[in-house]
Amino acid sequence: MKPEIRIGAGWDSHAFAPGVRLWLGGIEIEHPQGLAGHSDGDVLLHAVCDALLGAIGEGDIGTHFPPDDAKWRNARSSVFVRHAAQLARGEGWEIANLDTTLILEQPRIGPLREALRESVAGLLGIEGGRVSIKAKTPEGLGTAGAAIAQATVLLQRG
Ligand SMILES: [Zn+2]
C-alpha cells in the first residue's frame, strides 16, 4: 500500500474560574484557578482530541462527547484523547508527531513542559520526542482570564 499521511488541527479555549481544579495535558496542576467548562476543562487535551478527530475526518470532540450529555459532564479529558487515538489506530494510522501551543498568562508552562509532554505522549501511546508543548503569553489579546490551546497532528500509514 502506498504510504499515506493526514494532518489535523485543533483549537480550544476555556475561561479561568476560582474554585475549579486546573487540569492541563492530563495532569492536575497546583493553581489558584482552574478552567471551567465541558468535562475537566483540559484545554490542551481538547485541542489534541480535535486535531486527531480532524485528521481522520471524524468530526470533533462535541460529536463524540456531547457537552449536554450528563455522562461526560465531569469526565476526564484523557478519556476523550485515548478514544480519538484508538479510532485513528483502528484505521491503521500512526501518530508521526504532535505540535501544540498554549496561549495563557498563568501558570508559567516552562517548568511544567516536560511533565506535560510525557503525559500527552503517554495518553497517545507514543514516545515523548514526538510531542511538542510550546507556550506563549497572550500579549495584546486581552485574554488573560482564559487559556487557549492549538494542536497540529500528523498521521501516517502504509
Ligand atoms: Zn474544551
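Caption draft 1: View of the pairing of strand 5 (residues 94-103). In this sheet, strand 7 (residues 146-157) lies alongside strand 5 in antiparallel orientation, the contact comprising 9 bridges. Following the sheet pairing, Thr 101 is matched in strand 7 by Gln 150. Between strand 5 and its parallel partner strand 6 (residues 131-136), the chain crosses via helix 4 (residues 113-124), and the hand of that crossover is right-handed.

Caption draft 2: Unusual backbone geometry, seen in detail. With an omega dihedral of -10 degrees, the bond running from Gln 106 to Pro 107 counts as a cis peptide bond. The topology assignment puts Pro 107 in the loop between strand 5 and helix 4.

Caption draft 3: Representation of the nonpolar core within the structure. One finds Val 48, Cys 49, Leu 52 and Val 81 to be the most contacted residues of the largest nonpolar core, which totals 39 residues. For this core, the secondary structure elements donating two or more residues are strand 2 (22-24), helix 1 (43-55), helix 3 (77-90), strand 5, helix 4, strand 6 and strand 7. The element contributing the most residues to this core is helix 1, with 10 residues. Beyond its immediate sequence surroundings of up to four residues, Cys 49 is in contact with Gly 10, Ile 61, Phe 80, Val 81 and Ala 84.

Caption draft 4: Quick look at helix 4. The end-to-end C-alpha distance of helix 4 is 17 Å, a good match for the 16 Å that 12 residues give at a rise of 1.5 Å each. Positive phi shows up at Gly 125, right after helix 4, with a value of about 70 degrees.

Caption draft 5: Examining the sheet that holds strand 1 (residues 4-18) more closely. The strand order across the open sheet formed by 5 strands is 4-1-7-5-6, and the pairing between neighbours is mixed. Lying at the two open borders of the sheet, with one neighbouring strand each, are strand 4 (33-35) and strand 6. If you compare each strand with its neighbour and ignore which way they point, the axes differ by 20 degrees on average. The pairing of strand 1 with strand 7 spans 12 bridges and is classified as antiparallel. When the sheet's bridge partners are listed, Ser 13 is paired in strand 7 with Ile 148. The strands that helix 4 touches are strand 5 and strand 6; relative to strand 6, the one it contacts most, it runs at about 140 degrees.

Thresholds applied
- Residues numbered from 1 in each chain as written.
- Predicted model: local features only at pLDDT ≥ 70, side-chain atom pairs only at ≥ 80, totals over all residues.
- Pairing = 2+ DSSP bridges.
- Helix = DSSP H or I, 4+ residues; strand = E, 2+ residues; numbered from the N terminus.
- Right-handed = clockwise from strand over helix to strand, strands pointing away.
- Core = buried A, V, L, I, M, F, W, Y, C linked by C-beta atoms within 7 Å.
- Buried ≥ 20, exposed ≤ 12 C-beta atoms within 10 Å, placed from the backbone.
- Contact = placed C-beta atoms within 7 Å.
- Expected span 1.5 Å × (residues − 1).
- Axes fitted to C-alpha atoms, helices over the stretch in contact; angles between N-to-C directions.

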